[in-house]
Amino acid sequence: MRIAMIGTGYVGLVSGACFADFGHEVCCIDKDEAKIDGLNDGKMPIWEPGLEALVKANVARGRLTFTKDLVAGVHDAEAVFIAVGTPARRGDGHADLTFVFQAVRELAKVIKPGTVVVTKSTVPVGTGDRIEAILREEAVTDVSVASNPEFLREGAAIADFKHPDRIVVGAENQHAQDVLKEIYRPLFLNRAPILFTARRTAELTKYAANAFLAVKISFINEIANLCEAVDADVQDVARGIGLDNRIGPKFLHAGPGYGGSCFPKDTLALLQTADEAGIDQRIVRTTVEVNDSRKVAMAERVVHAVGGSASGKRIGVLGLAFKPNTDDMRDAPSIPIVNLLLEQGAEVRAFDPVAKEQAEKIFSGITFSPNAYAAATDADALVIVTEWDEFRALDLKKLAGTMRGKVLVDLRNVYSRDEAEGAGLAYIGVGRGKI
Ligand code: NAD
């Protein structure tokens, strides 16, 4: 199949490279010239395990190309995917569909009859209808519009794309279903479940999935608060409930709250959709509130750990990316935590294995350290914000030896109290007994 991918970000680039790997001919399009020039020179715009090798292999096979020219990329495609950003609109949290509609108007000029336009971007219910209306306005006929939301996780994006729990396709006619079935044929043959639904249902499924995961995270964070008040251990509670098949062990890690490019904006967008439909979504609304207050509470935990005032204190921070194995800083929990510490007059020294370049664009007034031990040197407290693997095997005695304050604030529960105390560090985790 000949596929055009409009938007070559996390989702567009990973999807494009994987489709090419399935044997399709893929042209990835982006209006960001630097991104396309870089890709044509073999430079990846994001840090994602395995991506560079996959992209280079498929470019070498002649199946994956990159262009800034939408007309050239789209004109002979059998399927055109839209994978542009849908950020939260300032002020109301509604999904901003400017990029989506702009892409539709551009592709309308060149698209051929019989082509299937597929939204891979996360878009509110009814966006497919609005895309159809734009195509009609532009006098485009005989083009199908389908929804194929993406569920990949950054940091494990390629594995997720190639071994998905499910593929959701919202299509309103047989032709669109057949085209998408053909595109996903290798996964279909591997028995990945493909769910065909109405288009609106597919659009809502993506938001429901992300909102549910956000609920799970906020739920365990509230249980963690209770554990601290009643002297119980949230790790054990999470294991105790997670082994129940009806609950499952994932997304039950107490921590500094969810962040990243999806959960915060998608929960807000779901609330907007619900408001417009006149249906209150109280659980999701509360989840958002719990998560917002979580960041402040975690920063206050650090302040408390250094004696109640951060002014003049040196705080080491380990991990800035919103999760391990990515350099994505969008809505990372580190942002409000570090900014609050800075506002209170702390000196922050941070280390992240890959996100420094992205973090430099966000923070002003912090020092970047070359490794975890340098971040800890002379620190009054060391805070683990992102649970990179390399932070799981630190020499705690060595760390303690370099620190001034000898307090470890472990917001990801990477270490046990015994390990930390054995190394001479005071330990503050999340939801692990009375604090
Ligand atoms: P991104 O910001 O990394 O990439 C979007 C790209 O689209 C940018 O490179 C931008 O320059 C390009 N673009 C915008 N308008 C364009 C146009 N008219 N023509 C050509 N290119 C254009 O975004 P992302 O993280 O890949 O997310 C894309 C969508 O996928 C969003 O709706 C997001 O919610 C959804 N999604 C993201 C993830 C994730 O983990 N990042 C997972 C699932 C779904």
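Look up a bit, the structure's there.
Structure report, in brief. Keep in mind that this is a model prediction, so the values were computed, not measured.

Quick word on the overall build of the protein
Then, in step 1: The number of helices and strands found in the protein is 18 helices and 14 strands.
Then, in step 2: The C-alpha radius of gyration computed for the protein amounts to 23 Å, which stays within 12% of the reference 22 Å derived for 435 residues, consistent with globular compactness.
Then, in step 3: The proportion of buried residues among the 435 residues of the protein is 53%.
Then, in step 4: A separation threshold of at least 6 residues defines the contact pool for the protein, and within that pool the share at least 24 residues apart is 74%.
Then, in step 5: Side chains of the protein give 51 positive and 59 negative charges; the mean places of these two sets differ by 2 Å.

Quick word on the pairing of strand 5 (residues 116-119)
Side-chain positions along a regular strand alternate between the two faces of the sheet.
Then, in step 1: Here strand 5 shows no split at all, with Val 116 and Val 118 on one side and Val 117 and Thr 119 on the other all buried.
Then, in step 2: Here strand 4 (residues 79-82) pairs with strand 5 via four bridges, running parallel. From the neighbouring strand, Ala 79 faces strand 5, where its bridge partner is Val 116.
Then, in step 3: In this fold, strand 4 hands off to helix 5 (residues 98-108), which returns the chain to strand 5; that crossover is right-handed.
Then, in step 4: Strand direction decides the pairing type here: strand 5 and strand 6 (residues 144-147), joined by four bridges, are parallel. Residue pairing in the sheet places Val 117 in a bridge with Val 145 of strand 6.
Then, in step 5: Taking the sense of rotation as the criterion, the β-α-β connection linking strand 5, helix 6 (residues 127-137) and strand 6 turns out right-handed.

With respect to the site of the ligand
Then, in step 1: Looking at the ligand, there are 26 residues lining it, with Asp 30, Lys 35, Thr 86, Glu 154 and Lys 265 nearest.
Then, in step 2: Separating an oxygen atom of the ligand from a backbone N or O atom of Tyr 10 is a distance of 3.0 Å.
Then, in step 3: Between Thr 122 and the ligand, the recorded distance is 2.9 Å, taken from a backbone N or O atom to an oxygen atom.
Then, in step 4: Alone, the ligand offers 830 Å² of accessible surface; in the complex the protein occludes 90% of this.
Then, in step 5: When residues of the shell around the ligand are traced back to their parent elements, those giving at least two are helix 1 (10-21) and helix 5.
Then, in step 6: When residues of the shell around the ligand are assigned to their parent elements, the largest contribution, three residues, is made by helix 5.
Then, in step 7: Per-class residue counts for the shell around the ligand are nine nonpolar, seven polar and 10 charged.

Thoughts on the nonpolar core
One broad trend across soluble globular proteins is that nonpolar side chains are buried collectively.
Then, in step 1: Core analysis: the biggest nonpolar cluster contains 42 residues, and Phe 19, Phe 81 and Tyr 184 have the highest contact counts within it.
Then, in step 2: No other element matches helix 1, which puts seven residues into this core.
Then, in step 3: In terms of nonpolar packing, the next biggest core, distinct from the first, is built from 41 residues, Cys 227, Ala 321, Val 348 and Ala 350 among them.

Some thoughts on the side chain of Thr 386
Then, in step 1: For Thr 386, the position within the fold is in the loop between strand 12 (381-384) and helix 17 (396-402).
Then, in step 2: Within the local environment of Thr 386, its side chain forms a polar contact with the backbone oxygen of Gly 319, the two atoms lying 3.5 Å apart.
Then, in step 3: Apart from the residues within four sequence positions on either side, Thr 386 is in contact with Leu 318, Gly 319, Leu 320, Ala 321, Lys 323, Pro 324, Phe 391 and Arg 412.

With respect to the packing of aromatic side chains
Then, in step 1: The tally for this structure, following the rule as stated, stands at 10 aromatic pairs.
Then, in step 2: With a centroid separation of 6.1 Å and 45 degrees between ring planes, the pair formed by Phe 251 and Phe 263 is classed as tilted. Note that Phe 251 is positioned in the loop between helix 11 (234-242) and helix 12 (263-277) and Phe 263 in helix 12, a separation of 12 residues in sequence.
Then, in step 3: Residue classification places Phe 263 among the buried residues on the basis of a relative accessible area of 12%.
Then, in step 4: Aromatic pair Phe 351 and Phe 391: ring centres 6.0 Å apart, planes at 70 degrees, arrangement edge-to-face. Remark: Phe 391 occurs in the loop between strand 12 and helix 17 and Phe 351 occurs in strand 10 (residues 347-351); sequence separation between them is 40 residues.

A few points about the layout of surface pockets
Then, in step 1: Its volume calculated, the second largest pocket comes out at about 300 Å³.
Then, in step 2: As for the second largest pocket, its lining consists of 13 residues, and the residues nearest its centre are Met 44, Pro 45, Ile 46, Trp 47 and Asp 327.
Then, in step 3: Those elements giving two or more residues to the lining of the second largest pocket turn out to be helix 3 (51-60) and helix 15 (356-360).
Then, in step 4: Along the lines of polarity and charge, the residues of the lining of the second largest pocket split into seven nonpolar, one polar and five charged.

Brief notes about the pattern of salt bridges
Then, in step 1: In this structure the tally under the stated criterion is 30 salt bridges.
Then, in step 2: Here the salt bridges share partners, and the residues they tie into one network are Asp 129, Glu 132, Arg 199 and Arg 200.

Quick word on the pairing of strand 7 (residues 167-170)
Then, in step 1: Residues Ile 167 and Val 169 point to one face of strand 7 and Val 168 and Gly 170 to the other, with burial holding for every one of them.
Then, in step 2: Here four bridges tie strand 7 to strand 8 (residues 194-197), and the two strands are oriented parallel to one another. Bridging from a neighbouring strand, Gly 170 pairs with Thr 197 of strand 8.

Basis of the calculations
- Residues numbered from 1 in each chain as written.
- Predicted model: local features only at pLDDT ≥ 70, side-chain atom pairs only at ≥ 80, totals over all residues.
- Heavy atoms only, no water.
- Helix = DSSP H or I, 4+ residues; strand = E, 2+ residues; numbered from the N terminus.
- Rg over C-alpha atoms; globule rule 2.2 N^0.38 Å.
- Buried < 20%, exposed > 50% of the residue type's maximum accessible area, 1.4 Å probe, protein only.
- Contact = heavy atoms within 4.5 Å.
- Lys, Arg positive; Asp, Glu negative; His and termini not counted.
- Charge placed at Lys NZ, Arg CZ, Asp CG, Glu CD.
- Pairing = 2+ DSSP bridges.
- Right-handed = clockwise from strand over helix to strand, strands pointing away.
- Near = heavy atom within 4 Å.
- Polar contact = N/O pair within 3.5 Å; in protein donor to acceptor, adjacent residues only side chain to side chain.
- Areas by Shrake-Rupley, 256 points an atom, 1.4 Å probe, with all protein chains shown as cover.
- Nonpolar A, V, L, I, M, F, W, Y, C, P; charged D, E, K, R; others polar.
- Core = buried A, V, L, I, M, F, W, Y, C linked by side-chain atoms within 4.5 Å.
- Phe/Tyr/Trp six-rings, centres within 6.5 Å; stacked < 30°, edge-to-face > 60°.
- 1 Å grid on protein atoms, 1.4 Å probe; cavity = no way out; pocket = protein on both sides within 12 Å on 5 of 7 lines; lining within 4 Å.
- Points joined across faces, edges and corners; volume = space filled by probe spheres on them.
- Salt bridge = Lys/Arg side-chain N within 4 Å of Asp/Glu carboxyl O.

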